[in-house]
Amino acid sequence: MAKSQLLLSLFLFISISETISQSIIQLSRDHDDVYCSSWRFSEETNDVGYWDHVPSRCVSYVQDYMTGDGYRSDSEAVASYALGFAKTVEIAGDGKDAWVFDVDETLLSNLPYYALHGFGYAICD
């Protein structure tokens with residue numbers, strides 16, 4: 001290997017090592033919307049673990065989401081996908097077919113409960 005290729009390889013190795021050792025994504029504590037959006041996603045995918053209240057820095061985010069266009073839009077999108085799927089199901093017609101639903105936030109909105117309990121700031125039960 002030529003000396004110039006060796007030096008270039010060494011330079012690239014050092015540069016890449018330095019880049020990898022630093023965090024690529026750095027969020028300051030001032031980015032509550034980004035943090036709270038990530039928290040909401042993690043909670044919705046059941047990756048937060050046990051929790052009994054919304055993080056205090058996310059209460060206004062949750063309130064804005066649930067009382068604004070976000071919650072309604074998400075609910076309409078999910079309902080549309082569910083209806084589209086339901087239309088593809090072939091019913092046997094033998095009287096033994098059944099639909100089973102998760103009522104909580106599927107057929108029943110928790111919005112009134114959240115409104116009465118500080119949009120998750122109070123301990124959820």
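Residues numbered from 1 in each chain as written. Predicted model: local features only at pLDDT ≥ 70, side-chain atom pairs only at ≥ 80, totals over all residues. Heavy atoms only, no water.

J.: Break down a nonpolar patch on the surface for me, citing the residues and quoting the values.
T.: A surface patch of nonpolar side chains, about 810 Å² in accessible area, is lined by Phe 85, Val 89, Ile 91, Trp 99, Phe 101, Val 103, Leu 107 and Leu 108. By secondary structure assignment, the location of Phe 85 is in helix α4 (residues 69–86). (Patch = residues over 30% accessible without salt bridge, like charges linked within 9 Å, V, L, I, M, F, W, Y side chains within 5 Å. Areas by Shrake-Rupley, 256 points an atom, 1.4 Å probe, with all protein chains shown as cover. Salt bridge = Lys/Arg side-chain N within 4 Å of Asp/Glu carboxyl O. Helix = DSSP H or I, 4+ residues; strand = E, 2+ residues; numbered from the N terminus.)

J.: Just give me the short version of the packing of aromatic side chains, but keep the residues and values in it.
T.: Considering all chains together, one arrives at 2 aromatic pairs under this definition. On the basis of an interplanar angle of 85° and a centroid distance of 6.1 Å, the ring pair of Tyr 65 and Tyr 71 is categorised as edge-to-face. On the basis of relative accessible area, Tyr 65 is assigned to the buried category, the value being 15%. Relative accessible area serves as the criterion here: at 13%, Tyr 71 is assigned to the buried category. Ring centres 6.2 Å apart and planes at 85° place the aromatic pair Tyr 113 and Tyr 114 in the edge-to-face group. (Phe/Tyr/Trp six-rings, centres within 6.5 Å; stacked < 30°, edge-to-face > 60°. Buried < 20%, exposed > 50% of the residue type's maximum accessible area, 1.4 Å probe, protein only.)

J.: Explain the side chain of Asn 110 to me, using residue names and the numbers behind them.
T.: Within the secondary structure layout, Asn 110 lies in the loop between α4 and α5 (111–116). Residue contacts for Asn 110: discarding those within four places in its chain leaves Tyr 71, Asp 104 and Glu 105. (Contact = heavy atoms within 4.5 Å.)

J.: Just give me the short version of the pattern of salt bridges, but keep the residues and values in it.
T.: In total, this model carries 3 salt bridges according to the counting rule given. For the salt bridge of Asp 32 with Arg 57, the shortest nitrogen-to-oxygen distance reads 2.8 Å. Here Asp 32, found in helix α2 (residues 32–44), pairs with Arg 57, found in the loop between α2 and α3 (59–67); they are 25 residues apart in sequence, far enough to count as distant. With relative accessibility at 29%, the residue Asp 32 sits in the partly exposed group. Between Asp 74 and Arg 40 there is a salt bridge whose closest N-O contact spans 3.0 Å. Remark: Arg 40 occurs in helix α2 and Asp 74 occurs in helix α4; sequence separation between them is 34 residues. Overall, Asp 74 belongs to the partly exposed group, its relative accessible area being 31%.

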